[in-house]
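# Summary of structural features
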Amino acid sequence: MAEERKPVTKKEGTFDKDLIRELAELLSETGLTEIEIEHEGKRVRVARTVTVGANSLAVDAGRPVQPGERGGKEELHHPGTLHSPMVGTAYRSPEPGAPPFVEAGTRVAAGQTILIIEAMKTMNHIPAPYAGTVLAVLVDDGQPVEFAEPLAVIEKG
Amino acid sequence: MFDKILIANRGEIALRIERACKELGIATVAVHSTADADAMHVRLADESVCIGAPPAKDSYLNIPQIVSACEITGADAVHPGYGFLAENARFAEILEEHEITFIGPSTEHVRLMGNKIEAKDTAKSLGLPLVPGSDGPITDLAQAKRIAANIGYPVLVKAAAGGGGRGMKVAHVEEELDVGLATARIEAKTSFGDDTVYLEKYLGHPRHIEIQVLGDGAGNAIHLGERDCSLQRRHQKLWEEALSPALNDNERARIGETVAKAMRELRYRGVGTVEFLHEGGKFFFIEMNTRLQVEHTVTEMITGIDLVIEQIRIAAGAPLTLKQQDIRFNGHAIECRINAEDPRTFRPSPGKITHFHPPGGLGVRVDSGAYAGYTIPPYYDSLIGKLIVHARTRNECLMRLKRALGEFVVDGIDTTIPLFKALIAEPDIADGQYDIHWLENYLA
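Anyway, here's the lowdown on the structure attached to this text. (Residues numbered from 1 in each chain as written. Chains lettered and ligands numbered in written order. Predicted model: local features only at pLDDT ≥ 70, side-chain atom pairs only at ≥ 80, totals over all residues. Heavy atoms only, no water.)

## A look at the overall build of chain A
Helices and strands together make up the secondary structure of chain A, namely three helices and eleven strands. The N-to-C order of helical and strand elements in chain A reads β-α-β-β-α-α-β-β-β-β-β-β-β-β. Looking at the 157 residues of chain A, the share that counts as buried comes to 43%. Sequence separation of 24 or more characterises 57% of the internal contacts of chain A that already satisfy a separation of 6 or more. When the accessible surface of chain A is split by element, carbon and sulfur atoms take 54% of a total near 8,600 Å². (Helix = DSSP H or I, 4+ residues; strand = E, 2+ residues; numbered from the N terminus. Buried < 20%, exposed > 50% of the residue type's maximum accessible area, 1.4 Å probe, protein only. Contact = heavy atoms within 4.5 Å. Areas by Shrake-Rupley, 256 points an atom, 1.4 Å probe, with all protein chains shown as cover.)

So this is what it looks like as structure tokens:
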């Protein structure tokens, strides 16, 4: 269960399975997290999210990681991985168009906002648990997140 | 009709609801705790959202997480299943505030029937039969004797503040009433600090018979016959059948119509179950469950009506199109609850299922999320599946059940299957001669 590919939103109409398969392969090849195309009035979005449950960490430990894979072993099992405490929609900046709270390489203080998760019309600030350097932000702006989904990796120090 | 339903439950009932949604062409969203990431209800849903840590209060009972899961997936309705949030009026209200439909009755009815005293008052005003009693505290022996003579012996002296069997004394004849009153008072005083007692008709060997209802909230309501759920252990139903071996067609039609009329008057919406104790040809109201029940399957087998589909249609605002005369009872059905438990001690038996082979063939239905290699988590209830068998007569049904139980393989954990195999061989079970105490006596 460490990695899943699934459309987050179901679109109207029938799916072209081959097209989706092709897109999914492309996704793996390029290491992208999301591809969205529009063709003949149909929109197809293929996205992959990295889901980590408390149980799957151990099971996942021995799995080989593809080079360039998003949320690869290094990030997933990094002790500095910040997991989502709730279900909601992640926002990387305080308002649309504003610069993001943090990016890879940003030095953060303990308690500094890493991103916001909107849940039940409430904006919840997700703080850095300690001072350090952001190695990666694992979610996109506006991306739905599950409980325990990895959000970012922050190296202590 | 809804576009997407989020199922706020797990296990076999989540699967059951997914099946109905798929037949209606509605997309499904499963929610799950981190312990259930590999569960079948997650695998078979169109989408899934992890909503929290394994303890139910952090996931399946976590209202904000479930509402957020609706928001990120765009679900326009929630089916609560049974247990968890199915009878939580606050949950239904919060969903309403977020313009998400709660697939169930009105919040007012959920709340009303969730309160024991209000439920009884409502049942009484709707003309449902209650256990006859003193309707208030007993002040002296003369009054107690008068009331007891009126309702008929045996009578039960009960503490008003009571519970758990304390402060309860049975008087079989008038001579026992004096001592019964005194001891119940003392026990009530020491246990609850309140010696108020009241009198109720004592039922020595009742059956548990419940009536399935379906209403549209606009004043249309029908009944779908009864289920006999007398085989219980510690108030936990294990074996349910429809129709009851104890009722004839006239009795069935009479209690069914009494209940359907009450539901029309209440303007009840959705599926519901009115539970009774039944003794000496009389019914006594216990409570009403404002949700789908575990044992709804036996009613489906004998009526051919998919209760979950009906429930979803009505929640979407459709009127009740079924008429009472459309409901025909065809044959007999029995459900056995397959629990991950020791069949004698009922000690829970979580763990990994190494082999799983469900029975099949004509008239056999297995509702289960279990599979070979599945590990039953220790956090939730022990029900791992339901075996439902349908046949033309009760005798055929018993033979088919025996055959199906013989095919059923669940290795790696203990289950209740051996208990059911033993029950099939009991003459009382074959004859339908059992009451709510039968199973406990058998196991003692």
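## Observations concerning the packing of aromatic side chains
Under the definition given, this model contains nine aromatic pairs over all chains. Between Y371 of chain B and Y374 of chain B, the ring centres sit 5.2 Å apart and the planes meet at 45°, which makes this aromatic pair tilted. Side by side, Y371 of chain B and Y374 of chain B carry an identical accessibility label, which is buried. Seen from their ring centres, W438 of chain B and Y442 of chain B are 5.1 Å apart, and the 10° between their planes marks the pair as stacked. Placement of the pair is W438 of chain B and Y442 of chain B together in helix α15 (residues 438–443), with a separation of four residues, close to one helical turn. Cluster of aromatic residues (ring-pair linked, three or more members): Y60, F84, Y379 and Y380 of chain B. One Lys or Arg, K156 of chain A, reaches over the ring of Y130 of chain A and ends 5.2 Å from the middle of that ring. Above the plane of the ring of Y434 of chain B lies R207 of chain B, whose end atom (NZ or CZ) is 4.5 Å from the centre. (Phe/Tyr/Trp six-rings, centres within 6.5 Å; stacked < 30°, edge-to-face > 60°. Lys NZ or Arg CZ within 6 Å of the ring centre and 35° of its normal.)

## Some thoughts on the pattern of salt bridges
Between side chains of opposite charge, pairing is possible as soon as their charged atoms come close. Residue and element names in this part refer to chain B. According to the stated counting rule, one finds 32 salt bridges over all chains in the structure shown. Of the charged contacts in the structure, one is a salt bridge between E12 and K386, with a shortest N-O distance of 3.1 Å. With E12 in helix α1 (residues 11–23) and K386 in strand β19 (residues 383–391), this residue pair connects regions lying 374 residues apart in the sequence. The exposure class assigned to E12 is buried, which follows from its relative accessible area of 4%. (Salt bridge = Lys/Arg side-chain N within 4 Å of Asp/Glu carboxyl O.)

## Side note on unusual backbone geometry
Residue and element names in this part refer to chain B. At the junction of Y153 and P154, the peptide bond is cis and its omega measures out at -5° in the coordinates. Note that P154 resides in the loop between α7 (141–151) and β6 (155–163). For the bond from A242 to L243, the omega torsion is 0°, close enough to zero to count as cis. By secondary structure assignment, the location of L243 is in the loop between β11 (236–242) and α9 (249–266). One non-glycine residue with positive phi stands out, namely R234, at about 45°. Of note, R234 is situated in the loop between β10 (221–233) and β11.

## Structural notes on the nonpolar core
All names here are of chain B. In this structure, W239, L387 and L401 are the most contacted members of the largest nonpolar core, which totals 37 residues. Elements supplying a minimum of two residues to this core: β11, β14 (332–339), β19, α12 (394–407), α13 (417–424) and α15. If near-sequence neighbours (up to four positions away) are discounted, L387 is found in contact with I334, E335, C336, I338, P359, V364, R365, V366, L401, A404, L405 and F408. If you look at the next biggest cluster of nonpolar residues, it comprises 29 residues, including I5, A20, V271 and A315. (Core = buried A, V, L, I, M, F, W, Y, C linked by side-chain atoms within 4.5 Å.)

## Remarks on the interface of chain B and chain A
Residue-level contacts link 23 residues of chain B with 21 residues of chain A. For the pair chain B and chain A, the two sides together bury roughly 1,700 Å², of which 60% comes from carbon and sulfur. Summed over the shared surface of chain B and chain A, the result is one salt bridge. Our count for the chain B to chain A interface comes out at five residue pairs in polar contact (both at pLDDT 80 or more). Counting residues per element, the ones that place at least two in the side of chain B that touches chain A are β2 (27–33), β3 (47–52) and α3 (63–73) of chain B. Among the elements that make up the side of chain B that touches chain A, the one with the highest residue count is α3 of chain B (seven residues). (Buried area = accessible area lost by both parts, 1.4 Å probe. Polar contact = N/O pair within 3.5 Å; in protein donor to acceptor, adjacent residues only side chain to side chain.)

## Side note on the packing of helix α5 (residues 107–114) of chain B against helix α6 (residues 116–125) of chain B
Residues and elements named next belong to chain B. For the pair α5 and α6, the least separation of the axes is 5 Å and the interaxial angle reads 105°. Between α5 and α6, the angle is such that the two are roughly perpendicular. Contact residues: L112, M113 and G114 in α5; K116, E118, A119 and T122 in α6. (Axes fitted to C-alpha atoms, helices over the stretch in contact; angles between N-to-C directions. Parallel < 35°, antiparallel > 145°, perpendicular 65-115°, else oblique.)

## What about the environment of V42 of chain B?
Residues and elements named next belong to chain B. Here V42 shows up in helix α2 (residues 40–44). In this structure the C-alpha to C-alpha distance between V42 and L15, which are 27 residues apart in sequence, comes to 8.8 Å. In this structure V42 touches A30, H32, D36, A37 and S48, once residues within four positions along its chain are discounted.

## Looking at α5 of chain B
Listed as buried for α5 of chain B are T107, H109, V110, L112 and M113 of chain B. The inward-facing, buried residues of α5 of chain B contact α4 (89–97), β5 (101–102), α6, α9 and β13 (282–289) of chain B.

## Observations concerning the sheet that holds strand β1 (residues 4–7) of chain B
Residue and element names in this part refer to chain B. Read across the open sheet, the five strands follow the order β3-β2-β1-β4-β5; overall the sheet is parallel. Each having just a single partner strand, β3 and β5 make up the two edges of the open sheet. The pairing of β2 with β3 spans five bridges and is classified as parallel. Paired with V31 across the strands is V49, a residue of β3. (Pairing = 2+ DSSP bridges.)

In short, shape yes, function no, at least from these values alone.
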